[in-house]
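# Coordinate inspection notes
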Amino acid sequence: MQQTSSQVVSPFYTSSSQFGVEFENNFVFTDDGRHLIGVDAGDSKRVRVEDITTGSSFSFGNHGHFICTLIFDQDSGTLLAGDYNKHLVQYDLDLVNKKFRQVRDFGDLGVLYVYFSFRFMQYVFFGGDNYKLKVFDLSSKEMLPGHIQTGVEYI
């Protein structure tokens, strides 16, 4: 975006919800830019979804500790939420009907606290603080066996 000092920049939409952010992947926008998905500021163990065009929102989930990272695949409606309780939880999220369903809790991923997530094509990488990465395949909706050993302790 470029502007001169005399130009005013105004947002198209403004969020009416409060979101909590502690790590870099604590919120995501949908591909269409209409929905914001993030950690609920009122309860960091829950996910909040807001339609920023209307201001309507809803919260869901009940993680064992605060949520550290979120990844959303709009094509499949898959939301992955990693938390400080070492767990990764998979949800199906229907944005049109404002409904969610917890598909599974993968339990302790073996990366300690799930701080990090990164999507590359159909793969989502999750890291923590013990030199390891776990990989989730969005096409099969399965966690790949084993882990990737890295040279970095805190991922």
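Let me sum up the structure you'll find in this document. Since the model is a prediction, treat every value here as computed from it, not as a measurement.

It is worth spelling out the pattern of salt bridges at this point. Taken as a whole and judged by the stated rule, the model has five salt bridges. R119 is the partner of D73 in a salt bridge, and the nearest nitrogen-oxygen pair spans 2.9 Å. Linking D73 in strand β6 (residues 67-73) with R119 in strand β10 (residues 116-120), this pair joins segments that are 46 residues apart in sequence. Among the residues examined, D73 registers a relative accessible area of 7% and is labelled buried. With its nearest N and O atoms 2.7 Å apart, the salt bridge here joins D92 to R101.

Turning to the nonpolar core, a few remarks are in order. Core analysis: the largest hydrophobic core is formed by 16 residues, its most contacted members being I37, V47, V49, F60, L70, L79 and L93. Of all elements in the fold, only β3 (35-40), β4 (47-51), β5 (57-60), β6, β7 (78-83) and β8 (87-94) reach the threshold of two or more residues within this core. When residues no more than four places from it in sequence are discounted, the contact partners of F60 are R46, V47, V49, L79, Y91, L93 and F100. Membership of the second largest hydrophobic core comes to 11 residues, among which are I71, L109, F136 and M143.

We now examine empty space enclosed by the protein. In this structure the tally under the stated criterion is one cavity of 30 Å³ or more. Approximately 40 Å³ is the volume found for the largest cavity. Of all the secondary structure elements, the ones that give two or more residues to the lining of the largest cavity are β4 and β5. Among the elements that take part in the lining of the largest cavity, β4 stands out by supplying three residues, more than any other.

Alternating residues of β5 divide into F58 and F60, all buried, and S57 and S59, none buried. Direction of pairing for β4 relative to β5: antiparallel, over a ladder of four bridges. Note on β5: the bridge partner recorded for V47 is F60.

Counted according to the given criterion, the structure contains 10 aromatic pairs. Summarising the aromatic geometry, the rings of Y91 and F100 are spaced 6.1 Å apart at their centres and angled 70° between planes, so their arrangement reads as edge-to-face. Y91 gets classed as buried once you look at its relative accessible area, which sits at 1%. Chaining the aromatic ring pairs together yields one cluster made of F58, F60, Y91 and F100.

Residue position: T30 is located in the loop between β2 (27-29) and β3. By relative accessible area, T30 is classed as buried at 4%. At 2.5 Å, the side chain of T30 forms a polar contact with the side chain of D32. Not counting residues up to four positions away in its chain, the partners in contact with T30 are H35, I37, F72, Q74 and L95.

With respect to the helices, strands and loops of the structure, D51 is situated in strand β4. Every residue in contact with D51, bar those within four places of it in the chain, is listed here: R34, H35 and S56.

Definitions and cut-offs
Residues numbered from 1 in each chain as written. Predicted model: local features only at pLDDT ≥ 70, side-chain atom pairs only at ≥ 80, totals over all residues. Heavy atoms only, no water. Salt bridge = Lys/Arg side-chain N within 4 Å of Asp/Glu carboxyl O. Helix = DSSP H or I, 4+ residues; strand = E, 2+ residues; numbered from the N terminus. Buried < 20%, exposed > 50% of the residue type's maximum accessible area, 1.4 Å probe, protein only. Core = buried A, V, L, I, M, F, W, Y, C linked by side-chain atoms within 4.5 Å. Contact = heavy atoms within 4.5 Å. 1 Å grid on protein atoms, 1.4 Å probe; cavity = no way out; pocket = protein on both sides within 12 Å on 5 of 7 lines; lining within 4 Å. Points joined across faces, edges and corners; volume = space filled by probe spheres on them. Pairing = 2+ DSSP bridges. Phe/Tyr/Trp six-rings, centres within 6.5 Å; stacked < 30°, edge-to-face > 60°. Polar contact = N/O pair within 3.5 Å; in protein donor to acceptor, adjacent residues only side chain to side chain.

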